[in-house]
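# Architecture at a glance
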There are 2 protein chains.
Amino acid sequence: MSPTIGVFDSGFGGLTVLRELLKTVPEADYLYFGDTARLPYGSKSAHTVAKYAISSAHFLEQRGAGLLVIACNTATALALEDIKAASSLPVIGVVEPGAQRAAEISRTKKAAVIATEATVASHAYQKALARRGITATEKACPLLVPLVEEGWAEHAVTEQVAHIYLDEIFGNGAQGADVLLLGCTHYPLIRPLLRRVAPAEIQIVDSAESTAQEVAKQIERGSPGKNGQVHCFATDSVEKFRRLGGRFLGRPLETVELIDIEA
Amino acid sequence: MSPTIGVFDSGFGGLTVLRELLKTVPEADYLYFGDTARLPYGSKSAHTVAKYAISSAHFLEQRGAGLLVIACNTATALALEDIKAASSLPVIGVVEPGAQRAAEISRTKKAAVIATEATVASHAYQKALARRGITATEKACPLLVPLVEEGWAEHAVTEQVAHIYLDEIFGNGAQGADVLLLGCTHYPLIRPLLRRVAPAEIQIVDSAESTAQEVAKQIERGSPGKNGQVHCFATDSVEKFRRLGGRFLGRPLETVELIDIEA
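Keep in mind it's a predicted model, so treat the numbers as computed, not measured.

### A look at the side chain of Glu138(B)
Residue and element names in this part refer to chain B. By secondary structure assignment, the location of Glu-138 is in strand 6 (residues 135–140). Comment: no salt bridge for buried Glu-138; closest opposite-charge side chain is Lys-127, at 8.5 Å. Within the local environment of Glu-138, its side chain forms a polar contact with the side chain of His-123, the two groups lying 2.6 Å apart. Among the polar contacts listed, one links the side chain of Glu-138 to the backbone nitrogen of Gln-126, at a separation of 3.2 Å.

So, in structure tokens, the structure goes:
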């Protein structure tokens, strides 16, 4: 029987990973933990992110998760090894599956990676791609998350900002790259816009999609004793989580429970 | 003798208040606390913000502050009464001084207020202005903070975003207003840009400036036994605090100490 899958993120973004999981492994049940009281992780240090992520991982384990997905690029980049060491469950992050997929489809062996400041500063994608023979140029795009959260996924301003960021990366380091790796779980919401803005020869790889495929490979696919139930926990405003979260998950959120894990 | 003044903010923004304090009360010493591990407060609930702000206020009190300035609009809007109740010191927030100044200069008795999502949702400015006979229209401008933090204070994109926000507020509710109140401590950095974008008849009121004037009124101005020393505490990356903070303070930061107040 498929295990209950615990999905952890700093906020709503990881719901794009859950969305892909529900497509790819629809027979599992899901616990989603959004650490909304302490988001965003993207501007915080490795020490702080590791501390927060481990307490959240323990929470999901206690609630019955049999597998943990760290659906947050920053937490994966900064704290995956710490989380693995602190947990007795199998733990899957979003960086390796994204890097693996990019390596499989790149012919020029060059990739461009866009992500938050902290993910870029960690060079987690650059290292994961280098291990696969791919040279990567990384670029922090701190405005894309707030633009998505403002609901401007198709706004002219977002297109202009994306142009500025992509012109910088493809004009400055990523010449010859044929893959654009989306290293932040908010970016799938602007994938159509990025597709228009990016050079035509560039293929887009979404870590959320690749991670769901990796989870499908690793679990024992079994009798569908479970049925895609989703239970969400948030550390701050449940109302806001419900309102914003639906956009990321692509369907309304049902159960959202407020949790105080500092207590 | 002037007391040591404790200045509290969720991050760097309150340094614009400290900057005004250093101009207005240069003879005091200052302790600045930036709760950077848990920023931004602007998207968090009242309960969470109050909890964080109170622990930070206690910290400043223990370190010798004789007066507390809550240099964070969100914390003031959501938690000022809770902080006052939890502290034995005089506590000054940024909302009342800003509202007072706006009321003094408005002839039409109508004001427009721009701020973060949480400050607007609290309607703290609307209520403070209503008590002074001013009708206020409020607008959340969540993209302005990340634009300032990206260093785009004079960027064409920021001007376009400001246009969209200001067109919305002055075209939709704030017709006839003659004051634009900056209800977020990041906004003084784009004051020149807002001046260009706002209708010519609008006067801009900056809560940071008004708050410094209120502090000057309330303290006993005495022999300058102190000399404008600034000691900063941050709950996350000291390096980043130093790098970004200088822009907000308008001069380099000297002592920045890392603090873990959850421990």
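### Topic: unusual backbone geometry
Positive phi is not limited to glycine here, since Lys109(A) has a value of about 60 degrees. Looking at the element boundaries, Lys109(A) is found in the loop between helix 4 (95–105) and strand 5 (110–115). Residue Lys109(A) is classed as partly exposed on the basis of its relative accessible area, which comes to 38%. Positive phi, normally seen in glycine, also occurs at His123(B), with a value near 55 degrees.

### Here's the deal with the pairing of strand 2 (residues 30–34) of chain B
Residues and elements named next belong to chain B. Of all five residues making up strand 2, five are buried, and the element is well covered by its neighbours. Neither face of strand 2 is exposed, since Tyr-30, Tyr-32 and Gly-34 on one face and Leu-31 and Phe-33 on the opposite face are all buried. With five bridges joining them, strand 1 (residues 5–9) and strand 2 adopt parallel strand pairing. Of the residues in strand 2, the one forming a bridge with Gly-6 is Leu-31. Here five bridges tie strand 2 to strand 9 (residues 230–234), and the two strands are oriented parallel to one another. Residue pairing in the sheet places Tyr-30 in a bridge with Val-230 of strand 9.

### Some remarks on the sheet that holds strand 10 (residues 255–258) of chain A
All names here are of chain A. Pairing in this open sheet of six strands is parallel, and the strands run 4-3-1-2-9-10 from one edge to the other. Edge strands, defined here as strands with exactly one partner in the open sheet, are strand 4 (91–93) and strand 10. The mean angle between the axes of side-by-side strands here comes to 20 degrees, regardless of whether they run parallel or antiparallel. Each of strand 1 (5–9), strand 3 (67–70) and strand 4 touches helix 10 (residues 207–218); the most contacted strand, strand 4, lies at about 155 degrees to it. The sheet contacts of helix 11 (residues 238–249) involve strand 2 (30–34), strand 9 (230–234) and strand 10, and relative to strand 10 the element is tilted by about 145 degrees.

### Regarding the confidence of the model for chain A
Do not read the predicted coordinates in detail wherever pLDDT is low. For chain A, per-residue confidence averages 92 on the pLDDT scale, and 97% of positions sit at 70 or higher. On the interface metric, ipTM, the complex scores 0.84, and its pTM is 0.88.

### Regarding the interface of chain B and chain A
Taken together, the contacts link 31 residues of chain B with 31 residues of chain A. Summed over both sides, the interface of chain B with chain A buries roughly 2400 Å², with 50% coming from carbon and sulfur. Across the contact surface, chain B and chain A share four salt bridges. The shortest N-O distance in the salt bridge between Lys51(A) and Asp260(B) comes to 3.5 Å. Between the two partners, chain B and chain A, sit seven residue pairs in polar contact (both at pLDDT 80 or more). At the level of secondary structure, the elements contributing two or more residues to the side of chain B that touches chain A comprise helix 2 (46–62), helix 7 (144–149), helix 8 (156–171) and helix 11 (238–249) of chain B. At five residues, the largest contribution of residues to the side of chain B that touches chain A is made by helix 8 of chain B. Considering only residue class, the side of chain B that touches chain A consists of 13 nonpolar, eight polar and ten charged.

The rules behind each value
Residues numbered from 1 in each chain as written. Chains lettered and ligands numbered in written order. Predicted model: local features only at pLDDT ≥ 70, side-chain atom pairs only at ≥ 80, totals over all residues. Heavy atoms only, no water. Helix = DSSP H or I, 4+ residues; strand = E, 2+ residues; numbered from the N terminus. Buried < 20%, exposed > 50% of the residue type's maximum accessible area, 1.4 Å probe, protein only. Lys, Arg positive; Asp, Glu negative; His and termini not counted. Salt bridge = Lys/Arg side-chain N within 4 Å of Asp/Glu carboxyl O. Polar contact = N/O pair within 3.5 Å; in protein donor to acceptor, adjacent residues only side chain to side chain. Pairing = 2+ DSSP bridges. Axes fitted to C-alpha atoms, helices over the stretch in contact; angles between N-to-C directions. Contact = heavy atoms within 4.5 Å. pLDDT = per-residue confidence, 0-100. Buried area = accessible area lost by both parts, 1.4 Å probe. Nonpolar A, V, L, I, M, F, W, Y, C, P; charged D, E, K, R; others polar.

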